[in-house]
Structure formats: structure tokens, C-alpha cells
Amino acid sequence: MKKGGIGILVFLIVALLVAFLAMKAMQNPAGLTEKLEEKAENAVQQAADTVGDAIQNIDLGGAVQNSGLLETLQDAFSKIGGA
């Protein structure tokens with residue numbers, strides 16, 4: 001075989017490998033969906049934690065604590081984080 005023939009053979013082997021891997025990925029789309037769901041859950045949890053931390057750091061001279069708003073917001077975000 002000449003150099004050109006070896007190059008074509010290598011190209012065909014790589015193309016078959018890529019096609020095989022693509023076929024395997026298409027057979028299991030649930031794995032991709034599960035990863036996306038897990039990342040979405042983590043993002044929501046981080047957002048809820050950030051908001052919860054921000055709420056706890058609010059200092060309006062006790063106005064928020066005395067109004068019951070703080071407890072209401074904490075309950076809402078704990079429900080979101082636990083969902």
C-alpha cells in the first residue's frame with residue numbers, strides 16, 4: 001500500500017469509531033436526560049441557598065423579623081430546596 005492508501009484506511013477506521021460511539025450515545029438518551037435533571041436540581045438548590053442566606057443577612061432593625069416575613073420566606077425556600 002502507498003502512503004495515500006494508509007491515510008484512507010486510518011480515516012475509515014476513525015469514521016467507523018465515531019459512528020459507533022454516536023450510535024451508542026443515541027441508544028441511551030436517558031443518561032443525558034438524567035444528567036440534565038441533576039444539574040437543574042443542583043442549580044435550583046444553589047439558588048435557594050443563596051436567597052436563604054441573603055434573607056438571613058437582611059438587617060432592617062428587626063422589622064423583617066417582627067413582621068413574620070422572614071419565617072414565611074424561609075419556609076418557602078426550604079420547601080423549594082427540599083423538593
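What follows covers the overall build of the protein. For the protein, the count of helices and strands is 4 helices and 0 strands. The helix and strand sequence of the protein, counted from the amino end, reads α-α-α-α. When burial is assessed residue by residue, the protein has 7% of its 83 residues classed as buried. Put simply, the protein shows about 6,900 Å² of open surface, and 66% of that area lies on carbon and sulfur atoms.

With that settled, consider a negative patch on the surface. Residues Glu34, Glu37, Glu38 and Glu41 make up a contiguous surface patch of negative charge. Relative to the helices and strands, Glu37 is located in helix 2 (residues 29–56).

Taken together, the side chains of Ile6, Val10, Val14 and Val18 define a hydrophobic patch exposed on the protein surface, amounting to about 340 Å² of accessible area. Of note, Ile6 is situated in helix 1 (residues 3–27).

Any segment with low pLDDT has predicted coordinates that should not be analysed in fine detail. On average, the protein scores 77 in pLDDT, and the residues at 70 or more come to 77%. Mean pLDDT across the elements of the protein ranges from a minimum in helix 3 (residues 63–67), with 57, to a maximum in helix 1, with 85.

On to the environment of Ala48. Its place among the elements puts Ala48 in helix 2. A residue is classified by how much of its surface remains accessible, and Ala48, at 8% relative accessible area, is buried. When the C-alpha positions of Ala48 and Ile80 are compared, they lie 6.9 Å apart, and in sequence the two are 32 residues distant. Setting aside chain neighbours within four positions, we find Ala48 in contact with Phe77 and Ile80.

Calculation notes
- Residues numbered from 1 in each chain as written.
- Predicted model: local features only at pLDDT ≥ 70, side-chain atom pairs only at ≥ 80, totals over all residues.
- Heavy atoms only, no water.
- Helix = DSSP H or I, 4+ residues; strand = E, 2+ residues; numbered from the N terminus.
- Buried < 20%, exposed > 50% of the residue type's maximum accessible area, 1.4 Å probe, protein only.
- Areas by Shrake-Rupley, 256 points an atom, 1.4 Å probe, with all protein chains shown as cover.
- Patch = residues over 30% accessible without salt bridge, like charges linked within 9 Å, V, L, I, M, F, W, Y side chains within 5 Å.
- Salt bridge = Lys/Arg side-chain N within 4 Å of Asp/Glu carboxyl O.
- Lys, Arg positive; Asp, Glu negative; His and termini not counted.
- Charge placed at Lys NZ, Arg CZ, Asp CG, Glu CD.
- pLDDT = per-residue confidence, 0-100.
- Contact = heavy atoms within 4.5 Å.

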